[in-house]
Every structure is written in C-alpha cells, then in structure tokens.
2 protein chains.
Amino acid sequence: MQRVTIAQVAERAGVSTATVSRVLSRRGQVSAAVERKVRRAADDLGYQVNVIARALRNSRTDTVGMVVPSITNPFFTSLVESVEHALGKEGKELFLCDARSDPQIEARRLASLAARNVDGIIVSPSHGVDSRPAVQQTADRLPLVQLDRFVDGTTTDWVGVDDVAAMRQVVDHLHDGGARSAAFIGSLMTHSSTEQRFAGFRRRAEELNIEVKPDQVLLGDYSVEWGEAAVARLIAEGGLPDALVCADDLIALGVTRACRAHGFAVPRQVQVTGYDDIEFSRLTEPALTTVHQPRDRIAAEAVRLLAAAGAKDAERGPHAHISLVPTLVVRDSTRATQAPSDRI
Amino acid sequence: MQRVTIAQVAERAGVSTATVSRVLSRRGQVSAAVERKVRRAADDLGYQVNVIARALRNSRTDTVGMVVPSITNPFFTSLVESVEHALGKEGKELFLCDARSDPQIEARRLASLAARNVDGIIVSPSHGVDSRPAVQQTADRLPLVQLDRFVDGTTTDWVGVDDVAAMRQVVDHLHDGGARSAAFIGSLMTHSSTEQRFAGFRRRAEELNIEVKPDQVLLGDYSVEWGEAAVARLIAEGGLPDALVCADDLIALGVTRACRAHGFAVPRQVQVTGYDDIEFSRLTEPALTTVHQPRDRIAAEAVRLLAAAGAKDAERGPHAHISLVPTLVVRDSTRATQAPSDRI
DNA sequence: TTGAAAGCGCTAACAT
DNA sequence: ATGTTAGCGCTTTCAA
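Residues numbered from 1 in each chain as written. Chains lettered and ligands numbered in written order. Predicted model: local features only at pLDDT ≥ 70, side-chain atom pairs only at ≥ 80, totals over all residues. Heavy atoms only, no water.

A. Region of interest: the relation of the copies chain B and chain A. With an RMSD of 0.2 Å, the operation that places chain B on chain A is a rotation of 180 degrees combined with a shift of 0.1 Å along the axis. Between the two chains, the operation in question is that of a two-fold axis. A symmetric contact is evident, with 100% of the interface residues of chain B recurring at the interface of chain A. (Least-squares fit on C-alpha atoms with pLDDT ≥ 70 in both. Contact = heavy atoms within 4.5 Å.)

B. Structural detail: the protein's contact with DNA strand C. Inspection of the region around DNA strand C gives 25 residues, with I6, Y47 and R57 of chain A together with T19 and V34 of chain B positioned closest. Contacts to DNA strand C include S16 of chain B, whose backbone N or O atom sits 2.9 Å from a phosphate oxygen. Secondary structure elements with two or more residues in the surface near DNA strand C: α2 (17–24) and α4 (51–58) of chain A together with α2 (17–24) and α4 (51–58) of chain B. Looking at the surface near DNA strand C, the element that brings in the most residues is α4 of chain A, giving four residues. Looking at the surface near DNA strand C residue by residue, the classes come out as ten nonpolar, nine polar and six charged. (Near = heavy atom within 4 Å. Polar contact = N/O pair within 3.5 Å; in protein donor to acceptor, adjacent residues only side chain to side chain. Helix = DSSP H or I, 4+ residues; strand = E, 2+ residues; numbered from the N terminus. Nonpolar A, V, L, I, M, F, W, Y, C, P; charged D, E, K, R; others polar.)

C. The side chain of D248 of chain A, seen in detail. Residues and elements named next belong to chain A. As for its placement among the helices and strands, D248 is situated in the loop between β8 (243–246) and α11 (249–261). In this structure D248 is buried but unpaired, with R197 as the nearest side chain of opposite charge at 6.2 Å. Reaching out from D248, the side chain makes a polar contact with the backbone nitrogen of I251 at a distance of 2.9 Å. Residues contacting D248, with those up to four places away along its chain left out, are N73, R197, Y222, G274, Y275 and D276. (Buried < 20%, exposed > 50% of the residue type's maximum accessible area, 1.4 Å probe, protein only. Lys, Arg positive; Asp, Glu negative; His and termini not counted. Salt bridge = Lys/Arg side-chain N within 4 Å of Asp/Glu carboxyl O.)

D. Up close: the sheet that holds strand β7 (residues 217–220) of chain B. All names here are of chain B. As summarised here, the arrangement of the four strands in space is β7-β6-β8-β9, forming an open sheet in which the pairing is parallel. Each having just a single partner strand, β7 and β9 (271–273) make up the two edges of the open sheet. Within the sheet, the average angular offset between the axes of one strand and its neighbour, ignoring direction, is 15 degrees. Here strand β8 (residues 243–246) runs beside β9; their pairing, made up of three bridges, is parallel. Looking at the pairing, V245 lines up with T273 of β9. (Pairing = 2+ DSSP bridges. Axes fitted to C-alpha atoms, helices over the stretch in contact; angles between N-to-C directions.)

E. The arrangement of the pattern of salt bridges in detail. Residue and element names in this part refer to chain A. Counting across every chain of the model gives 42 salt bridges over all chains. Note that E207 and R204 form a salt bridge whose closest N and O atoms lie 2.5 Å from each other. Pair noted here: E207 and R204 are both in helix α9 (residues 192–207), with a separation of three residues, about one helical turn. Residue classification places E207 among the partly exposed positions, given a relative accessible area of 45%. The class for R204 is buried, based on a relative accessible area of 5%. A salt bridge links R304 to E301; the nearest nitrogen and oxygen atoms lie 2.7 Å apart.

F. Quick peek at the interface of chain B and chain A. Each side of the interface is counted separately: chain B has 57 residues, and chain A has 57 residues. For the interface between chain B and chain A, the tally reads eleven salt bridges. On inspection of chain B and its partner chain A, the count reaches 20 residue pairs in polar contact (both at pLDDT 80 or more). Of all the secondary-structure elements, those providing two or more residues to the side of chain B that touches chain A are α4, α5 (74–88), β2 (93–98), α6 (103–115), α7 (132–141), α10 (224–236) and α11 (249–261) of chain B. Among the elements that make up the side of chain B that touches chain A, the one with the highest residue count is α5 of chain B (seven residues). When the residues that make up the side of chain B that touches chain A are grouped by side-chain class, the tally is 26 nonpolar, eleven polar and 20 charged.

G. A look at the domain arrangement of chain A. Residue and element names in this part refer to chain A. We note that the domain assignment places domain 1 (4–54), domain 2 (61–159 + 294–310 + 317–324) and domain 3 (161–291) within chain A. Roughly 1,200 Å² of surface becomes buried between domain 2 and domain 3 when both sides are summed, with 52% attributable to carbon and sulfur atoms. Between the two partners, domain 2 and domain 3, sit one salt bridge. Close ionic contact of D148 with R197 constitutes a salt bridge, the shortest N to O distance being 3.8 Å. On the surface where domain 2 and domain 3 come into contact, there are six residue pairs in polar contact (both at pLDDT 80 or more). Within the residue set of the side of domain 2 that touches domain 3, elements represented by two or more residues are α5 (74–89), α12 (295–312) and β11 (321–324). Tallied by class, the residues present in the side of domain 2 that touches domain 3 amount to eight nonpolar, five polar and three charged. (Domains from an automatic or database assignment. Buried area = accessible area lost by both parts, 1.4 Å probe.)

H. Spotlight on the sheet that holds β11 of chain A. Residue and element names in this part refer to chain A. Spatially, the six strands line up as an open sheet ordered β2-β1-β3-β4-β5-β11, and their pairing is parallel. Edge positions in the sheet fall to β2 (93–98) and β11, since each has one partner strand and no second. With strand direction ignored, the average angle separating the axes of adjacent strands in the sheet is 20 degrees. Across the sheet, helix α6 (residues 103–115) is in contact with β1 (63–68), β2 and β3 (120–123); its angle to β1 comes to roughly 180 degrees.

I. Inspection of α10 of chain B at higher detail. Residue and element names in this part refer to chain B. With 13 residues, α10 should cover 18 Å at 1.5 Å per step; its first-to-last C-alpha distance of 19 Å lies within 8% of that length. For α10, the set of buried residues is V224, W226, G227, A230, V231 and L234. In a view along the axis of α10, the buried residues occupy a sector of 160 degrees, so they form one face of it. G238 occupies a position one or two residues after α10 and carries a positive phi of about 125 degrees. (Expected span 1.5 Å × (residues − 1). Arc of directions from axis to C-beta.)

J. Main features of the side chain of S131 of chain B. Residues and elements named next belong to chain B. Summarising the element assignment, S131 is placed in the loop between β3 (120–123) and α7. Assessed through its relative accessible area of 0%, S131 is described here as buried. When residues no more than four places from it in sequence are discounted, the contact partners of S131 are P103, E106, P125, S126 and V151.

K. View of α5 of chain B. All names here are of chain B. An ideal rise of 1.5 Å per residue puts 21 Å on 15 residues; α5 measures up with 21 Å between its terminal C-alpha atoms. If you check which residues of α5 are buried, you get P74, F75, F76, T77, S78, L79, V80, S82, V83, E84, A86 and L87. Two or three places before F75, at the opening of α5, N73 has a side-chain oxygen 2.9 Å from that residue's backbone nitrogen.

L. View of the protein's contact with DNA strand D. Near DNA strand D there are 24 residues, and of these T19 and S31 of chain A together with I6, Y47 and R57 of chain B occur at the shortest range. The sugar-phosphate share of atoms of DNA strand D within 4 Å of the protein amounts to 62%. Note that a phosphate oxygen of DNA strand D is positioned 2.6 Å from one of the backbone N or O atoms of S31 of chain A. Within the side chain of R57 of chain A, one N or O atom sits 2.9 Å away from a base nitrogen of DNA strand D. Those elements that place two or more of their residues in the surface near DNA strand D are α2 and α4 of chain A together with α2 and α4 of chain B. Top element by residues in the surface near DNA strand D is α4 of chain B. It accounts for four residues. Of the residues belonging to the surface near DNA strand D, the class tally is ten nonpolar, nine polar and five charged.

M. Quick look at the pairing of β8 of chain B. Residue and element names in this part refer to chain B. The alternating pattern of β8 places A243 and V245 on one face and L244 and C246 on the opposite face, and all of these are buried. Summarising the sheet, strand β6 (residues 182–187) and β8 pair through four bridges and their orientation is parallel. Counterpart to I185 in the pairing with β8 is C246. Read as a crossover between parallel neighbours, the route from β8 over α11 to β9 is right-handed. (Right-handed = clockwise from strand over helix to strand, strands pointing away.)

In structure tokens:
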C-alpha cells in the first residue's frame, strides 16, 4: 500500500534522485549503463510516477478538462469519445464533467477543473447567457475552447458547425420533397445552437415561400419527451404542417414516435428531420433524416486550438472561430427527392 | 494568469501562511477577527486552493476514478450519472475514463488513475478474464469496487444485479405469452454479465421445457449491429423461434429492427426482450420489454463501499458482493400476459 | 491563538 | 554524465 518513491528507486539503483528523474522523464543525458540500472530498480520496486508531485513541480498536468451539458445525450458522448481520442495522440488525458444543463453546476465544475490545474478546458456551455460569467472567468485564467455551442458575448476560441448552412440544406431537401409548410421544434433559445438553427431555418423557409405559422415554432428542451409533447400540442391546435424540423435528434425521435402514435404516416403525411446524427437516429421507424456533425474533425480542431493557446501562453492572440460544414444524411423520414425543382 | 497562493493571502491579511491554511481548510482554532481578515484577503485576491498541492501534502484527492467499457453505451452513461450524483453528496468528484472495451486501454487507465492518487476506483471491467491482472493489481493498491460486471477470480467489492433472478422473470414472462422455443443473443462470454444472464436463461428455459437449439445461442458483442446480424443468421439457418432473448438493450434494438425488416411481426410472430432499460428501449417500434437495473441504488452502494474501504485503510476486511434484484418492465415487444398459467 | 519550519515527491538549475 | 539542492503550494507538528 506504501507508494514507491523516486528516492527508493535511487537508493536501490545506487544513484541520485536526479538521475532517476532524468531517466524516468527521459530528459537530460544518462549513460546507457545507468539507465538500465535505474529502469531495473524501478521495475523491481513497481515504481509509478506520482503525477500529483510532478504536476505541482511542473505546473502542468497533461490533463484537459471537458464540461458537457449532459452526459446522457448521445451526441455529447460521441463528441467526448472523439475528443479523448484526439487528446490521446498528444499524450494527454481527459477529465470529464457533466453540468446537468445547470449553469451553477457548470460553474462549479469549471472552477474545480481550474483548481486541478488542467492544461486547458473544452466546454459546451449549458446556457447561452447564464453560462457567461463562469466561462469568461475561466477563459481568463487558462486556455479554453467552446465546442458546438457558445456563450453570447464571450471572446474565446470556438469550434462547431455552420448551423445556418446546415439548415439551408435541410429546408431545401424538404422543399424538394414537396413541403410547403413547416414547424420548428427546438429548445428554448437559451443556447446558440437552437438560435442559429432556427435562424437558418427561418431564413431559408422564407426564401422558398414555405409557410411557418408563428404558433408552430415550439420551444422546449433537447429531449425525446419534449418532441412528443410538441406534436401533441400541434395536433391539438389544428394539425400538422407538411414538415417538422427539429433542432436535434432526441426531439426528432420523440416527434416521429408521436406522429405515428397519433396516426400520421412519416414521411407520407408529414416529413421529419433531426440534427446531430446520433447513432439511434437510424434505428427508429422510419430512420431519421438528419444533419451529420463531423465530430472527429471538431474534436481535432479543438485540441489543436488548445495546444496552440497553451504554447503562446503569455500573449493572448486573437481568438479563432472555426465553423465546419455539416452534411445532410437522407434517410426515410423525408420524401425521396423527385427531380429537384429549380431554385434560385 | 498568475495563480494566487496562500502566501499572498497571508501577506495581505498580515498573518502567517499557517493561519491562512487553518482558516481555509477550517481546521484548528482561529479567532473570529483573524478569520474575517483572512477571508477578506482571500476574496479580494480571488484565491482558489491549489488542489494539486493540497493533494500532495494530504495524499488525498477527494476524487474517485471510474472506468467503463464504453462511454457511448447509454447504460453506462446513466450509471455514470448516478455515480457522479452519489459522489457529489460526499463532496467528491469523478474522474471518468473510457476503456473502449479494450483490456489494454483499461489497464492504462487504471494505472493512470492510481498515479493520480484517486481515493478509490469504480470499474466495470471490459473483459471477464483479460481484465484480471490490471484490476487485481489496482485493487491491491487502493479501494476498488467492481460494478455490474466482474472479473473472474478477483476478490474485490462488487455491486450489481442478480442476473439469474432477472432472467428467470424474463423467461417466465415469455412463457406466459406462449413462447415454447427461444434463442439467446448475447456477447461472447467474455464478461460476467453475459455468462450470468445466459446461465439464468438456460436454467429457467429448461425448467419450463422451452426449447433452445444449440445453434440458436448466438454470441457477438453488445451492439445494435450484432443484433441485426444475429437475426439475419437465424433466418438464414431455418427461421426464428417463438422468442428472442437478448443480453442487452442495444442488441435487442437491433434484433427488433431486423425482425421487422425481414417481415416478422413483433410480438405477434416473435417476442423480443432486452436488458438494462436504457432510455431508448421505450422508443423503438414496438417499445422494448426489458430488465430495469436500479442504477441509483447500485451507484449508492458502490460509493458506500468505497468510503468504507477508504476508512479502514490498513486492514483489508472481507469483500462484499452486493447483488440487487432488478425488475421486469413489460412493454410491447412481448405478448400481454393472458391469465398466467400455473407454474411450479 | 498564532507563527516558524519541515516536508509531501518531483524536477531543474547549478556544481562537479 | 551525475550529484546536490532549492522549491512548487500546501498542511501540520512544535514552540511560543
């Protein structure tokens, strides 16, 4: 149970602690013979570095913190997986925190990560406004990249997708399938993703003369339950439009299910689209047409930005906003494109 | 960017670092006046403890490590959520690692957690045999609890559900619905969950005279894809039995989907059951009958065991195996019970 | 009640 | 090429 220290290794190998350190952290010159002795002794004793002590000394932990709104949302878990993978290549580890969509918990997590001396933080903020103080404060102390969502009025690096361009593709596709009216089902406008997605949706719908009734813009949260509830409400208030555009796949899953439950055929009577392309989106009946986010790419860019920020350190350069273009994945919840009509 | 240290707070408050420490870690006696001065100074400077330094000194981190086979499996993420919640009440944080179902990665994660001086480790081992050395070695150094799955031949605390009892309920229910033949679709027998679940399934099937053809026990992995592939294989090799019993919900999701795709009505022609009760299990068409695992309870017990192990420290008491009884959640993928036949 | 000082395990000057 | 030593920021004796 007693931890083996560098001093014990040094004693056993008959050298100084400095030499052991040099060997084990592969810095500085050591003769082959001594190196062998040291490694031998370390193995015999089952030595393991004390990362804590090393971190205190180096003020570097080779650890990156990540905070996501919900660890049970498959989009975020797959994003986490991508980030962990990208970090692995740099020899860094990930410290993952779940904010439970609560800016207060989020603030605590951020503070705690900072106190742990993580080398940088990747955060997908829970709230477009309320997350600001904590995110900004954290960004002032150490490298921070916002992922997917961002907080209003903060100046930090950001990586995500071009929601407006994505929604343009979605609306075009629905229009090709014959949709002339549509509803939007999203979360409250409490974070940038919904805002952007809605803006993109609305703009393109207008351009294509697709009718969007004001009371057919329904805002709740990113959950299956909300998707189900929204459809019930639409039906109660006068029926469904040609298409239901959802701000994420969880909502779309609930929407699809509710449509079928209420006897509406998807996509024959009503087309449905999601966003994110989580694994389960292909499993529902019918499989969901959705927007695929290039997670690996997003993760790679985030890690790169973090590394860059860590390097320059003192001088805070201008911040980067990297937005990648997502692709539309057409499955069975929308109507097959019949010879796309000419559009301007 | 410069971190505020206890020394700066001490200077500003006009006291010694020892006093500051006493105030901030609320140990030892300090006069009210001095306490106020110190808190004031700390606030002014925006002081935050350096968890690293504290950990080095105390050799306690108030952090628990958790290693799961796959962070994209919703069962594990919801388990993680429960664990994090339970730990929060103890003022501890969670360091989460994904082993990607690979014992080698798992071993690295465990070593890295140990090196980080976590106070304890919760692990759901990736492999029933290959995970042994790393798990055992780690358990020798610090408090460790296995969750859900366990490694063959290790002696550590364990918390999970009674798979055999659960499968008994499943088989009884299917039998009530008229099933007289069944197939089992699981992962390779590389971890305890499948083993136990299969054992429970087989025993009860025998007792009830339900036919299980040897070539209708199909083993792959815990994934939707495998569920789909398994059904294709069954159909190719002579058709489906009355019931398809799956070792987890992901498999069952794939199985259900494949059945429908091949034109088999669920549950009219073939009944399907899952295991875990992940959120998505109620979303498929038809919603899945499955075994609900009491995650919060499992998490709470695990945290309790860890705390206990951390306390006694020196003397390693006997290890606890806590198995909770899960409940069957009947949905639409099995036939409604018509007046249960008398069983012995 | 408060302060001085040692030391947790490690690394990096600096010295040899 | 190797050793000596100071010190990262904190807590905790021990003295006063």
